[in-house]
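Spelled out from the first residue to the last, the chains are:
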Amino acid sequence: MGKAEVGTPKYLANKMKAKGLQKLRWYCQMCEKQCRDENGFKCHTMSESHQRQLLLFADNPGKFLHSFSKEFSDGYMELLRRRFGTKRTNANKIYQEYIAHKEHIHMNATRWLTLSDYVKWLGRTGQVIADETEKGWFVTYIDRSPEAMERQAKADRKEKMEKDDEERMTDFIEKQIKKAKAKEGEDESGQEKFTELKREENEPLKLDIRLEKKFQPESVLGKSALTSKRSASEVDEKVFKKPKSISGDRDRDREGSQSRSALDEIIKQEEAKKERANRKDYWLHKDIVVKFISKSMGDKFFKQKAVVQEVIEKYQAKIKFLDTGEKLKVDQAHLETVIPALDKPVMVVNGAYRGSEAILRKLDERKFSVSVEILHGPLKGRIVDNVQYEDISKLY
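Keep in mind that this is a model prediction, so the values were computed, not measured. (Residues numbered from 1 in each chain as written. Predicted model: local features only at pLDDT ≥ 70, side-chain atom pairs only at ≥ 80, totals over all residues. Heavy atoms only, no water.)

Strand order in the open sheet made by the 5 strands is E9-E8-E7-E6-E10, with antiparallel pairing throughout. Both outer strands of the open sheet, strand E9 (327–331) and strand E10 (335–337), are each paired with one neighbouring strand and no more. Strand after strand, the sheet turns through a mean of 45° between neighbouring axes, direction not considered. Pairing between strand E6 (residues 289–292) and strand E7 (residues 305–312): 3 bridges, direction antiparallel. By the bridge assignment for E7, Val-289 is matched with Val-307. (Pairing = 2+ DSSP bridges. Helix = DSSP H or I, 4+ residues; strand = E, 2+ residues; numbered from the N terminus. Axes fitted to C-alpha atoms, helices over the stretch in contact; angles between N-to-C directions.)

The subject of this paragraph is the packing of aromatic side chains. Applying the stated criterion across every chain, the model contains 14 aromatic pairs. Considering the side-chain rings of Tyr-118 and Trp-121, the 6.2 Å spacing of their centres and the 20° angle between planes classify their relative orientation as stacked. Taken as a pair, Tyr-118 and Trp-121 lie in helix H6 (residues 115–124) at a separation of 3 residues, close to a single helical turn. Take Tyr-118: its relative accessible area is 0%, and that puts it in the buried class. (Phe/Tyr/Trp six-rings, centres within 6.5 Å; stacked < 30°, edge-to-face > 60°. Buried < 20%, exposed > 50% of the residue type's maximum accessible area, 1.4 Å probe, protein only.)

Attention shifts here to the pairing of strand E12 (residues 357–364). Here strand E11 (residues 345–348) pairs with E12 via 3 bridges, running antiparallel. For Val-346, the partnering residue across the bridge sits in E12 and is Ala-358. Where E12 meets strand E13 (residues 369–374), 6 bridges bridge the pair, whose relative direction is antiparallel. Its bridge partner being in E13, Leu-360 is matched across the sheet by Val-372. The turn linking E12 back onto E13 is made up of 4 residues, and Phe-368 within it adopts a positive phi angle of 55°.

Read across the open sheet, the 5 strands follow the order E14-E13-E12-E11-E15; overall the sheet is antiparallel. Since the sheet does not close on itself, it has two edges, and those belong to strand E14 (383–388) and strand E15 (392–394), each with one partner. Within this sheet the neighbouring strands show an average axis-to-axis angle of 45°, counted without direction. The pairing of E13 with E14 spans 4 bridges and is classified as antiparallel. Bridging across to E14, Ser-369 finds its partner in Gln-388.

This is the structure in structure tokens:
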């Protein structure tokens, strides 16, 4: 039998069959048969085999519906895990790749009517993180495999150890600072003060030395020699005693300045280490005031202020609008921080002092940065400069 001519119904049917994917309304999931047109589907529904499958379905419809739904969900989640991992991906993109396989389970045979209903169900059951944007639904796979849980536990233990090291180093630095301040206070309270030894260039150096001579007839030669040596050493001590004390003070001042500079260097290194450890790509915290900057909900909520009531999976939050009192679940990409007036409480949401409450002391509009004073903890009272706008937010 030769090939069908181009343009004939037989030719079009062969092309559709070779493609694999055809119209969903002409597919029978119970019989797993794809019909090419409406007439073929009508003939199939009238066939004896299809009637037998319908009788089986009528006996226990819930069993078949549950089976089809489970197979569809398992195939979709397996593709999401293997193909995209834990990356945030458009749900429709994953669905298009899933249905590209000819023998897939069709969605009209499952318990979900639309892809949106299925994605919402995945989010409610905790299998993925689902969020709706202007471009549709996005999903992020939550890896709960034993290997992933072990990696997360190791990361948590490492982070806890680093925090303990940071706390010990902070206590050590505070003790060193207190010792340096106490030492400076003792130096200032001391009664003896030394002045620098100065003389004119042409002025001769005069020494007022009075030596007592003692005559001892027993050993004139030996004793006089010893006395001359002793007197010379005493002269040396009296001449150079004062300059030595002055030079000693200078050495102590130099050592103190060196120790203070070394301490400042240690503090800078520790702050840089804390900055690297606490700088995250998520910044949401409970009880901070944020601004809603997305137009996905219309102009009603655009640029309205809200308070974060709960943080969900680090990147999402439940917020309550201050003006209307309405509540909403949003992604952090739709929010931004709020800068209050001076001397108002704020929270550091990112960076070295992440999670610390502070007071806003200074605002630098040219550098888009602020200076804050830490309120609690071992670093209470410390002034932190050059904190970026996005790293702090107003406290509710």
